[in-house]
Amino acid sequence: SPHPAATSAPPPTQMAKHFKFKRTATVDVSYLLFLPRGYDAKADKRWPLILFLHGSGERGTNVWKVATHGPPKIVTAQPEFPFIVVSPQCPEHQVWSNEVLLQLLDEITAEYAVDTGRVYLTGLSMGGYGTWDLGLAYPEKFAAIAPICGGGRLISIILSSHEKGPALKTLGVWAFHGGKDPVVPPEESQRMVDALKKAGAKDVKLTVYPEASHDSWTETYQNPQLYDWLLAHQRNK
């Protein structure tokens, strides 16, 4: 007869376990804030808002570096720029955090006369990645997004279409890329746009500048059509 040990179950190699830890973090965010000429917090008028995410070169502790490119650069020469512009700075050696950006957005919309139906998100390079990431995770927060020379994760689109389908399908998306970008290949923008269309997003387009390298942002942010396109988008409250 077999040995008794041979008939008993083998020792378990997989167990259900649980681990718990407490996390407390104080996050300090520096940002540039532009209020358009004629802004009056006490008036009934609500203003559209652009949240701008810079690239990796502007990370650090000197917040004025954030005005190197994009909307925070443009407003220095155009005080009548018709948006509130919020341009946070990402710390050295970090990438954009959705959690931090949402907290900042909540703070700004609570403190300033923001039209919450006209909140727009844009960014370049590392900020283009941040724009895809935040915009696809929280499409209901934004009327339109404009990621420049970035890319994203296809899983973001898949999950968002399951969990936030209606908001994702009505999110305006205009992506931009240089055709000869040696840093982030233009295919990165193309695959996100293709996947969004496949997921049923109706208002998605990609502009590729055939001769541009990584800097596809200067031309984009100087184009008045971008801002007209943003303003044509509104989220119903």
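These numbers come from a predicted model, not from an experiment.

Draft legend 1. Spatial organisation of the overall build of the protein chain. Along the protein chain, the regular secondary structure elements total nine helices and seven strands. The principal-axis extents of the C-alpha atoms in the protein chain amount to approximately 95 × 45 × 35 Å. For the protein chain, with 237 residues in total, the buried portion stands at 47%. Excluding contacts between residues fewer than 6 apart, the proportion of contacts in the protein chain whose partners are at least 24 apart in sequence is 77%. Here the protein chain displays about 13,200 Å² of accessible surface, and carbon together with sulfur accounts for 53% of that area.

Draft legend 2. Here's a closer look at unusual backbone geometry. Here the phi dihedral of His-93 falls at roughly 65°; this positive angle occurs in a residue that is not glycine. Mapped onto the elements of the fold, His-93 is located in the loop between β3 (84-88) and α3 (98-111). Exposure remark for His-93: the relative accessible area of 72% places this residue in the exposed category. Not every positive phi belongs to a glycine, and Cys-149 is a case in point at roughly 40°. Structurally, Cys-149 is set in the loop between β5 (144-148) and α5 (154-163). The class for Cys-149 is buried, based on a relative accessible area of 0%.

Draft legend 3. How the structure looks around helix α4 (residues 126-137). For α4, built from twelve residues, the straight-helix expectation of 16 Å at 1.5 Å per residue is met to within 8% by its first-to-last C-alpha distance of 17 Å. In terms of burial, α4 is a largely internal element, nine of the twelve residues being buried. For α4, the full list of buried residues reads Met-126, Gly-127, Gly-128, Gly-130, Thr-131, Trp-132, Leu-134, Gly-135 and Leu-136.

Draft legend 4. Examining the pairing of β5 more closely. Here β5 lies mainly inside the structure; five of its five residues are buried. In β5, alternate side chains face the same way, and those of Ala-144, Ala-146 and Ile-148 on one face and Ile-145 and Pro-147 on the other are all buried. In terms of strand pairing, strand β4 (residues 114-124) meets β5 through five bridges, oriented parallel. Directly across from Leu-124, in β5, lies its bridge partner Ile-148. Following the backbone out of β4, through α4 and into the adjacent parallel β5, one traces a crossover that is right-handed. The pairing of β5 with strand β6 (residues 172-178) spans three bridges and is parallel. In the sheet register, Ile-145 faces β6, and the bridge partner there is Val-173.

Draft legend 5. How the structure looks around the sheet that holds β5. An order of β1-β3-β2-β4-β5-β6-β7 is seen for the seven strands of this open sheet, with the pairing classed as mixed. Edge positions in the open sheet fall to β1 (31-34) and β7 (204-209), since each of these has one partner strand only. Each adjacent strand pair in this sheet contributes to an overall mean axis angle of 15°, direction not counted. Where α4 meets the sheet, its contacts fall on β2 (47-53), β4, β5 and β6, and the angle it forms with β4 comes to roughly 140°. Across the sheet, helix α9 (residues 224-231) touches β2, β4, β5, β6 and β7, and the angle it forms with β6 is around 160°.

Draft legend 6. Structural context of the nonpolar core. Counting 36 residues, the largest nonpolar core has Leu-49, Leu-51, Trp-132, Phe-142, Ile-157 and Leu-196 as the members making the most contacts within it. Where this core is concerned, the elements lending two or more residues are β2, β3, α3, β4, α4, β6 and α7 (187-198).

Draft legend 7. Looking closely at the environment of Ser-97. Structurally, Ser-97 can be placed in the loop between β3 and α3. With relative accessibility at 28%, the residue Ser-97 sits in the partly exposed group. As for Ser-97 and Gly-130, which are separated by 33 residues in sequence, their C-alpha atoms are 7.8 Å apart.

Calculation rules
Residues numbered from 1 in each chain as written. Predicted model: local features only at pLDDT ≥ 70, side-chain atom pairs only at ≥ 80, totals over all residues. Heavy atoms only, no water. Helix = DSSP H or I, 4+ residues; strand = E, 2+ residues; numbered from the N terminus. Buried < 20%, exposed > 50% of the residue type's maximum accessible area, 1.4 Å probe, protein only. Contact = heavy atoms within 4.5 Å. Areas by Shrake-Rupley, 256 points an atom, 1.4 Å probe, with all protein chains shown as cover. Expected span 1.5 Å × (residues − 1). Pairing = 2+ DSSP bridges. Right-handed = clockwise from strand over helix to strand, strands pointing away. Axes fitted to C-alpha atoms, helices over the stretch in contact; angles between N-to-C directions. Core = buried A, V, L, I, M, F, W, Y, C linked by side-chain atoms within 4.5 Å.

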